[in-house]
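As a plain string of letters, each chain reads:
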Amino acid sequence: YPFNLGISYYTLGRYEEAIEVLEEARTRNENVVPVRLYLAASYVHANRLEDAEWEAEEIQVLSSTDTLLNLRNTLPIVDKAHLEKLISDLRLAGLPEE
């Protein structure tokens, strides 16, 4: 369950630990976009902007419809503050608005 653990670490602000487990989750299946979303956001906080940008590019290759607008409207995140933090981090990673 590295993905769930990665989300937990990201939410707690433990970004290095989030990166470690999310990278593990990505190696298990490179096509899972939610893993890459949280990994890109965690890279932003770890000051690894090139890695964050690369993940954002990979997200667009896997799913060109995953824009910030689309994610804001479709991600099943009830906590609005968490959703806005994730969107903000993904914006810094370079995910397009629309």
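Residues numbered from 1 in each chain as written. Predicted model: local features only at pLDDT ≥ 70, side-chain atom pairs only at ≥ 80, totals over all residues. Heavy atoms only, no water.

Student: Any chance you could break down the overall build of the chain for me, citing the residues and the numbers?
Tutor: A tally of regular secondary structure across the chain gives 6 helices and 0 strands. For the chain, the spread of C-alpha atoms along the principal axes amounts to about 30 × 30 × 25 Å. For the chain, buried positions account for 42% of its 98 residues. Considering only contacts in the chain between residues 6 or more positions apart, those separated by 24 or more positions represent 54%. (Helix = DSSP H or I, 4+ residues; strand = E, 2+ residues; numbered from the N terminus. Buried < 20%, exposed > 50% of the residue type's maximum accessible area, 1.4 Å probe, protein only. Contact = heavy atoms within 4.5 Å.)

Student: Describe the nonpolar core, naming the residues involved and giving the relevant values.
Tutor: Ranked by internal contacts, the top residues of the largest apolar core, which has 30 residues, are Tyr10, Leu37, Leu86, Leu90 and Leu95. Breaking this core down by element, the ones donating at least two residues are α1 (2–12), α2 (15–28), α3 (33–45), α4 (49–62), α5 (68–74) and α6 (80–93). No other element matches the 9 residues that α3 contributes to this core. Look past the residues within four positions of Leu86 in its chain and what remains in contact with it is Tyr10, Leu37, Tyr38, Ala41, Leu75 and Ile77. (Core = buried A, V, L, I, M, F, W, Y, C linked by side-chain atoms within 4.5 Å.)

Student: I'd like a rundown of the side chain of Arg36, residues and numbers included.
Tutor: In this structure, Arg36 sits in helix α3. For Arg36, a relative accessible area of 3% puts it in the buried group.

Student: Can you break down the pattern of salt bridges residue by residue, with the values?
Tutor: A complete count under the given rule lists 9 salt bridges for this structure. Taking the shortest distance from any N to any O, the salt bridge between Arg28 and Glu24 comes out at 2.9 Å. Highlighted residues: Arg28 and Glu24, both in helix α2, separated by 4 residues, approximately one helical turn. Among the residues examined, Arg28 registers a relative accessible area of 59% and is labelled exposed. Among the salt bridges present, the one from Arg72 reaches Glu84, with a minimum N-O distance of 2.9 Å. Taken together, the positions of Arg72 in helix α5 and Glu84 in helix α6 put the pair 12 residues apart, joining distant regions of the chain. Among the charged side chains, a network of salt bridges with common partners joins Glu23, Arg48 and Asp51. (Salt bridge = Lys/Arg side-chain N within 4 Å of Asp/Glu carboxyl O.)

Student: Please provide a residue-by-residue account of the packing of aromatic side chains, values included.
Tutor: Applying the stated criterion across every chain, the model contains 3 aromatic pairs. Aromatic pair Phe3 and Tyr38: ring centres 6.2 Å apart, planes at 70°, arrangement edge-to-face. Highlighted residues: Phe3 in helix α1 and Tyr38 in helix α3, separated in sequence by 35 residues. Judged by centre distance (5.8 Å) and plane angle (70°), the rings of Tyr10 and Tyr15 are edge-to-face. Across the pair, Tyr15 and Tyr10 agree in class, each one buried. Within the aromatic cluster, the residues linked to one another by ring pairs are Phe3, Tyr10, Tyr15 and Tyr38. (Phe/Tyr/Trp six-rings, centres within 6.5 Å; stacked < 30°, edge-to-face > 60°.)

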